[in-house]
Amino acid sequence: MDENKNTYDFIPEEITKAVSIALVIILLFTSGTLLGKIIGKENTVVEEGQEVSVSSTVSQTTTTQPTSATTLPPATTTTAPATQQTETTAPAVSGEAQTTVPAAASTAPSTQGMTTAEIIALFNESANRVKTDATKVVKNYEKRTHNEEHLIAPSAVEGMLSDFVAENFKDDTEPIEYATREDIVANYQVPGVEWASQLTEAEVAEATCTDNGTEYEIMLSLHPTENPEPGVGVAKAFDTITSSEIMAKAPSFLTGFNTNYTSCVVKCKIDKATGRTTWSNYTSSVILAVTLNFLGSNLDAQMGMTFEKDYTITY
């Protein structure tokens, strides 16, 4: 498979599930429950002669950006001091251990004064080796959170949609094992391509690397990306829902589909002796917004979701 490939041949099953849940907004408008409704003036639903107000259209770009600052995990504030602590405690090692320190330092980079670019390069190299060197990857779990504060839908269906998501949008708690290179390439981040990360400084808002003695612990927090295409923005390290692919396959009454990714954070542990990633955790939040043309009127709706995927890697 071409390492420079920038398009996917398929939408991963996990992403398809997420899209299906998002598109329930559309399905609700065309279900038997709503076929009896007649759209009157814009932003008003008329049912049996009674007006029911519809939630106002909210701009995706103006309402979603502030959430990234409030939803970023606190890991970024705790890892930097840890790096300093490791550096100050290293000289306290006994005389026997001190004889091995120069050898370790000659084969593994020091985190002291490490730049953002150097941390990203270390992460990229190690993450990409998962696709080429790993003999087994286990997805320990996937947590899915419905961010109700981002739910915007016509009031006539908002409660129904919320109940549907609560019933169907649940965590995967059973580990899934990928034991062949083909399965690892197809399912590990980024699914379906030969690489796991093509991140640069342009995509990374914050990077930290902590030396805990035998491992590097890396945290990368990414800038928000709206409508990322494959290999662009957060899609350089995360599996994402591609708006253009959805629109190409969508029914005619779906006239707009927008994705806004915020609070995308990847954490990993890299074995210092081998440079291999042994554990990784990917958390991303996305707001999906749709525009529907229903009986001649445009309706807007959106919903927010957070995914957390946790992996253990062996070689």
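Residues numbered from 1 in each chain as written. Predicted model: local features only at pLDDT ≥ 70, side-chain atom pairs only at ≥ 80, totals over all residues. Heavy atoms only, no water.

Colleague: Please explain the confidence of the model for the protein as it appears in this structure.
Modeller: Interpreting fine coordinate detail is not advised for predicted regions of low pLDDT. For the protein, mean pLDDT is 74; residues scoring 70 or higher make up 64% of the total. Residue range residues 1-22 is modelled with pLDDT below 50. Its contacts to residues more than four positions away, or to other chains, number 46 contacts. A low-confidence stretch, residues 25-106 stays under pLDDT 50, and its non-local contacts, those more than four residues away or across chains, total 110 contacts. (pLDDT = per-residue confidence, 0-100. Contact = heavy atoms within 4.5 Å.)

Colleague: Explain the nonpolar core here, please?
Modeller: Note on soluble globular proteins: their nonpolar side chains tend to be buried together. Formed by 49 residues in total, the largest nonpolar core has its most connected members in Phe123, Val137, Tyr188, Leu199, Ile218 and Leu220. Counting only elements with at least two residues in this core, the list comes to helix 9 (116-133), strand 4 (136-152), helix 10 (155-168), strand 6 (204-211), strand 7 (215-222), strand 9 (254-271), strand 10 (277-294) and strand 11 (297-314). Setting aside chain neighbours within four positions, we find Phe123 in contact with Ser197, Leu199, Ile218, Leu220, Val266, Cys268 and Tyr282. (Core = buried A, V, L, I, M, F, W, Y, C linked by side-chain atoms within 4.5 Å. Buried < 20%, exposed > 50% of the residue type's maximum accessible area, 1.4 Å probe, protein only. Helix = DSSP H or I, 4+ residues; strand = E, 2+ residues; numbered from the N terminus.)

Colleague: Help me out: how do you make sense of the packing of aromatic side chains in this one?
Modeller: Two numbers describe a pair of aromatic rings. These are the distance of the centres and the angle of the planes. Inspection of the entire model under this criterion finds four aromatic pairs. Ring geometry for Tyr188 and Tyr311: centres 4.9 Å apart, planes at 75 degrees, overall edge-to-face. Within this pair, whereas Tyr188 is found in the loop between helix 11 (181-187) and strand 6, its partner Tyr311 is found in strand 11, the two being separated by 123 residues in sequence. Across the pair, Tyr311 and Tyr188 agree in class, each one buried. Aromatic side chains Phe238 and Tyr282 sit 5.3 Å apart centroid to centroid with 85 degrees between the ring planes, which places their arrangement in the edge-to-face category. One end of the pair, Phe238, is in the loop between strand 8 (225-226) and helix 12 (243-249); the other, Tyr282, is in strand 10, and 44 residues separate them in sequence. Residue classification places Phe238 among the buried positions, given a relative accessible area of 1%. (Phe/Tyr/Trp six-rings, centres within 6.5 Å; stacked < 30°, edge-to-face > 60°.)

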